[in-house]
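Chain residues, written in single-letter form:
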Amino acid sequence: MVDHRLRISPEVQAALADGQPVIALESTIITHGMPWPDNLSTALEVEDVVRASGAVPATIAIISGVPHIGMQREQLEYIARKGTAVQKVSRRDLPVVMAKQLDGATTVSATSALAALAGIPVFVTGGIGGVHRGGEVTMDISADLTELGRTPIAVVCAGAKSILDIPRTLEVLETWGVAVASYGTDEFPAFFTPHSGCRSPARVDSPAEAAAMLGSVQRLGLGSGMLVAVPIPADQAAEGEEVEGAIRTALREADSKGIRGNEVTPFLLERVRELTGGRSLEANIKLVKNNARVGSAIAREYAAQLRRQDRMQEQQQQAQQQRGGGRGGGRVAGAAPPLLRSRL
């Protein structure tokens, strides 16, 4: 049964119905993260990485008030050309954008919410928002953290950017009951650097371990999500360190200029781009592609986990029927509850 709140592409709809791995992708990076035509080429390249990694990409955006789960090339080009004229949409903005039939680029929080409605359990992005420096005074805390606390989805990212207050970000995630694991490391990564100085609450060393963790989240039915933080690859470490140096310089400049509140992030992003001669954008794209590969591997393992569970339940039901212990109409006693499925 189709959910008429969402417009799901035929490719994504078929994959969900067949139990194939699907990866949700946000659209803010397309409209607000880079200029035309780099934004379109990057969006297509990331989708290609997902496909080459054995999963189906589902880029999410709102067009004329309708949430689209999976987009055609012409739709991607449409929002890419409009760029920042497309409204940036968090969870709170969804009702307004839909009611006014506007175009919207989804952030981590809105993408997570819409992906979960469609039955997509894994979402890949660059980095999550968090508690901003001085957030204990300004209360500037990203809606991404709240969303992770109430939406059963796995978000695969490169951690939180070092311009944020990472210790407090992890504290808020703990408060919201979000399971946090770093991929192949004991330290929580800080986007362009694998080093934040914060020990990760947990560690996973393979896609299978991450998928098993997601399966546990779903079986418990807690309603909260999980975060898999993937450190920058070793072959990109030097490039990432250059960006980190620029971030530290930009932070000092912002402090000396008295830049505060919501003016800080736009200043830092633009200044870092200037200081690195645009190389920060290139490093960002590489990180997203790496996250897409890892996230796709986790989604494949999770889909395989679902298939194994289904086979086991079928075998249990057949054995019970052969013993004459049931009519096959209900769930086997002691069988695990169903994991997240498509809500189509």
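Note that the coordinates shown come from a computational prediction; the quantities given were computed from them, not determined experimentally.

Engineer: It is not clear to me how the side chain of Glu244 should be interpreted in this structure. Could you clarify?
Structural biologist: For Glu244, the position within the fold is in helix H11 (residues 237-256). Buried and without a salt bridge, Glu244 has Arg248 as its closest oppositely charged side chain, separated by 4.3 Å. Not counting residues within four places of it along the chain, the set of residues in contact with Glu244 comprises Ser162, Ala190, Phe192 and Thr193.

Engineer: Please explain the confidence of the model for the protein chain as it appears in this structure.
Structural biologist: Atomic detail in the predicted coordinates should be set aside for any region of low pLDDT. With 92% of its residues at a pLDDT of at least 70, the protein chain reaches an overall mean of 90. Residue range residues 328-339 is modelled with pLDDT below 50. Its contacts to residues more than four positions away, or to other chains, number 24 contacts.

Engineer: Would you take a moment to explain the pairing of strand S4 (residues 66-69) for this structure?
Structural biologist: As judged from the 2 bridges shared by strand S1 (residues 7-8) and S4, these two strands associate in the parallel manner. Residue pairing in the sheet places Ile8 in a bridge with Ile69 of S4. Bridging between strand S3 (residues 56-63) and S4 involves 4 bridges; their strand directions are antiparallel. When the sheet's bridge partners are listed, Ile60 is paired in S4 with Ile69. Hairpin connection from S3 to S4: 2 residues lie between these consecutive antiparallel strands, with Ser64 at a positive phi of about 50°.

Engineer: Looking at this model, I keep getting lost on the packing of aromatic side chains. Mind explaining?
Structural biologist: Aromatic ring pairs are described here by two measures, namely the spacing of the ring centres and the angle between the planes. Scanning the model with the defined rule gives 1 aromatic pair in all. Between Phe191 and Phe192 the ring centres are 4.7 Å apart and the planes differ by 90°, which places this aromatic pair in the edge-to-face class. A relative accessible area of 6% means that Phe192 is categorised as buried. In this arrangement the basic side chain of Lys161 is found over the ring face of Phe191, its NZ or CZ atom lying 4.9 Å from the centre.

Engineer: Would you take a moment to explain the packing of H11 against helix H13 (residues 279-322) for this structure?
Structural biologist: What describes two packed helices is the angle between their axes and the distance between those same axes. Between H11 and H13, whose axes approach to 10 Å, the crossing angle comes to 130°. Judged on the interaxial angle alone, H13 and H11 are oblique. As for the relative orientation of H11 and H13, their crossing is left-handed in sense. Contacts between H11 and H13 involve Glu239, Glu242 and Val243 from the first element and Arg279, Ser280, Glu282, Ala283 and Lys286 from the second.

Engineer: Would you explain the pattern of salt bridges in this entry?
Structural biologist: Any two side chains of opposite charge can pair if their charged atoms end up close together. In total, this model carries 18 salt bridges according to the counting rule given. Glu147 is paired through a salt bridge with Arg91; the nearest N and O atoms lie 2.5 Å apart. One end of the pair, Glu147, is in helix H8 (residues 143-150); the other, Arg91, is in the loop between strand S5 (87-89) and helix H5 (94-99), with 56 residues separating them in the sequence. Overlapping salt bridges bring together Glu11, Glu47 and Arg51 as one network.

The rules behind these values
Residues numbered from 1 in each chain as written. Predicted model: local features only at pLDDT ≥ 70, side-chain atom pairs only at ≥ 80, totals over all residues. Heavy atoms only, no water. Helix = DSSP H or I, 4+ residues; strand = E, 2+ residues; numbered from the N terminus. Buried < 20%, exposed > 50% of the residue type's maximum accessible area, 1.4 Å probe, protein only. Lys, Arg positive; Asp, Glu negative; His and termini not counted. Salt bridge = Lys/Arg side-chain N within 4 Å of Asp/Glu carboxyl O. Contact = heavy atoms within 4.5 Å. pLDDT = per-residue confidence, 0-100. Pairing = 2+ DSSP bridges. Phe/Tyr/Trp six-rings, centres within 6.5 Å; stacked < 30°, edge-to-face > 60°. Lys NZ or Arg CZ within 6 Å of the ring centre and 35° of its normal. Axes fitted to C-alpha atoms, helices over the stretch in contact; angles between N-to-C directions. Parallel < 35°, antiparallel > 145°, perpendicular 65-115°, else oblique. Left-handed = near helix turned anticlockwise from the far one by under 90°.

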